[in-house]
Amino acid sequence: MLDRLPPLTALRAFESAARHLSFAKAADELNVTPAALSFQIRSLEQHLGAPVFRRLNRAVELTEEGKLLRPGVQHGFSALQSAWRNAQRRLNKSTLTVTAGPGFTAKWLAPRMFSFAQKNPDIELRFSASLQIMDFERDDIDVAIRFGQGEDEGLFSKHIIDDWAAPMVAPELVKKVKTIEDLQKLTLLHDDHLSFLTPQTDWAAFFTAAGVPVPDDHGPRFSQSDHAVDAALAGGGVVLGRISMTDSHLADGRLVMPLDVAIPLKGSYRIVCPTGSESRTQVARFISWVEKETQALGAWSEGLDFIQHIDPER
């Protein structure tokens, strides 16, 4: 038995035909004639010493040998495509694709993009806002900004933000809040996006940590943090606003913290990329820029009284 592989063109013809189970569709995909594709398949079968397809009247099906061959060939071409994309991305110094959650993209990244563009006019930023953890190779992602309590095993990961939350209202509601108890008289805006944290950082946790009776679970609920913030901006109530989502609104006065009380989140933001990619020119510049921008968030915590979560089992 010979271990010599058949020509790459023959393997490519087989992979396409096995995926479509059609010589005509495979020929069309590879931009060759059906006769040329059939020749490549026959060449592969001669190298193997057995047929890989059963030719039917208007269709084809894989033989047992073809079924054994298909997974490895498909995986091999997938790996080749991935390696080729990675090499191309390494050479590409003009674009940078970043993924982050929709809320963080809308409330933190987007307002700062002009600043990055001014300092880095040679880099074109592309964004993929998603709550899903994107795959760097499959989804052509260069850098991710992730929030949570997990680890980033096998990746370059750098901590950038320790997030916290505080009661925040539109300016017209400030006079109604003098004490924590006054918050209960307003409409409570609930950010359910944080429900995956342990312990949770919600209104019940805030009031409990502050030593104030937890009010009835009233008020609208939002699955996205930025939507809860938007409701507060419109004067719809008081939100337990995360500093990562609200600092620009606090800076322009559209939101106000009426009390000097905040609660830390048991989760943090990290900037993540494949190990080794952090040294690429555009990635390194983006990481450096993010670090400098996030350092400014520390000023908002000055003078705040941070109450701590209370273990409900105690």
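Let me begin by describing the structure that accompanies this report.

Definitions and cut-offs
Residues numbered from 1 in each chain as written. Predicted model: local features only at pLDDT ≥ 70, side-chain atom pairs only at ≥ 80, totals over all residues. Heavy atoms only, no water. Helix = DSSP H or I, 4+ residues; strand = E, 2+ residues; numbered from the N terminus. Rg over C-alpha atoms; globule rule 2.2 N^0.38 Å. Buried < 20%, exposed > 50% of the residue type's maximum accessible area, 1.4 Å probe, protein only. Contact = heavy atoms within 4.5 Å. Areas by Shrake-Rupley, 256 points an atom, 1.4 Å probe, with all protein chains shown as cover. Phe/Tyr/Trp six-rings, centres within 6.5 Å; stacked < 30°, edge-to-face > 60°. Lys NZ or Arg CZ within 6 Å of the ring centre and 35° of its normal. 1 Å grid on protein atoms, 1.4 Å probe; cavity = no way out; pocket = protein on both sides within 12 Å on 5 of 7 lines; lining within 4 Å. Points joined across faces, edges and corners; volume = space filled by probe spheres on them. Nonpolar A, V, L, I, M, F, W, Y, C, P; charged D, E, K, R; others polar.

1. Quick word on the overall build of the protein chain
Here is step 1 of the chain: Helix and strand counts for the protein chain come out as eleven helices and eleven strands.
Here is step 2 of the chain: Against the 2.2 N^0.38 benchmark of 20 Å for 314 residues, the protein chain shows a C-alpha radius of gyration of 28 Å, more extended than a compact globule.
Here is step 3 of the chain: Dimensions of the protein chain along its principal axes, counting C-alpha atoms only, are 85 × 45 × 35 Å.
Here is step 4 of the chain: Taking all 314 residues of the protein chain together, the buried fraction comes to 46%.
Here is step 5 of the chain: Contacts in the protein chain between residues at least 24 apart in sequence constitute 78% of all its contacts with a sequence separation of at least 6.
Here is step 6 of the chain: Element-wise, carbon and sulfur atoms account for 53% of the exposed surface of the protein chain, whose accessible area totals about 16,800 Å².

2. As for the packing of aromatic side chains
Here is step 1 of the chain: In this structure the tally under the stated criterion is 14 aromatic pairs.
Here is step 2 of the chain: Here the aromatic rings of F14 and F53 are separated by 5.6 Å at their centres, their planes lie at 50 degrees, and the arrangement is tilted. Taken together, the residues span a long stretch of sequence, with F14 in helix α1 (residues 8–20) and F53 in strand β1 (residues 53–55) at a distance of 39 residues.
Here is step 3 of the chain: Residue classification places F14 among the buried positions, given a relative accessible area of 0%.
Here is step 4 of the chain: Given the relative accessible area of 2%, F53 is considered buried.
Here is step 5 of the chain: If you follow R242 out to its NZ or CZ, it ends over the ring of F147, 4.5 Å from the centre.

3. Some details on the layout of surface pockets
Here is step 1 of the chain: Space inside the largest pocket adds up to approximately 440 Å³.
Here is step 2 of the chain: Around the largest pocket sit 28 residues that line it, and G101, L131, I145, R146 and F147 are the ones nearest its centre.
Here is step 3 of the chain: Elements supplying a minimum of two residues to the lining of the largest pocket: β3 (95–100), α5 (102–109), β5 (143–148) and β10 (261–274).
Here is step 4 of the chain: The leading source of residues in the lining of the largest pocket is β5, at five residues.
Here is step 5 of the chain: For the lining of the largest pocket, the class distribution of residues is twelve nonpolar, eleven polar and five charged.

4. A word on empty space enclosed by the protein
Here is step 1 of the chain: Here the structure, examined in full by the defined rule, presents one cavity of 30 Å³ or more.
Here is step 2 of the chain: As for the largest cavity, its lining consists of D191, S225, A228, V229, V239, L240, G241, R242 and M245.
Here is step 3 of the chain: Counting only elements with at least two residues in the lining of the largest cavity, the list comes to α9 (225–233) and β9 (238–242).
Here is step 4 of the chain: Residues belonging to the lining of the largest cavity are distributed by class as follows: five nonpolar, two polar and two charged.

5. Thoughts on the side chain of S16
Here is step 1 of the chain: Within the secondary structure, S16 sits in helix α1.
Here is step 2 of the chain: Once you skip the residues sitting within four places of it in the chain, S16 turns out to touch A26, E29 and L30.

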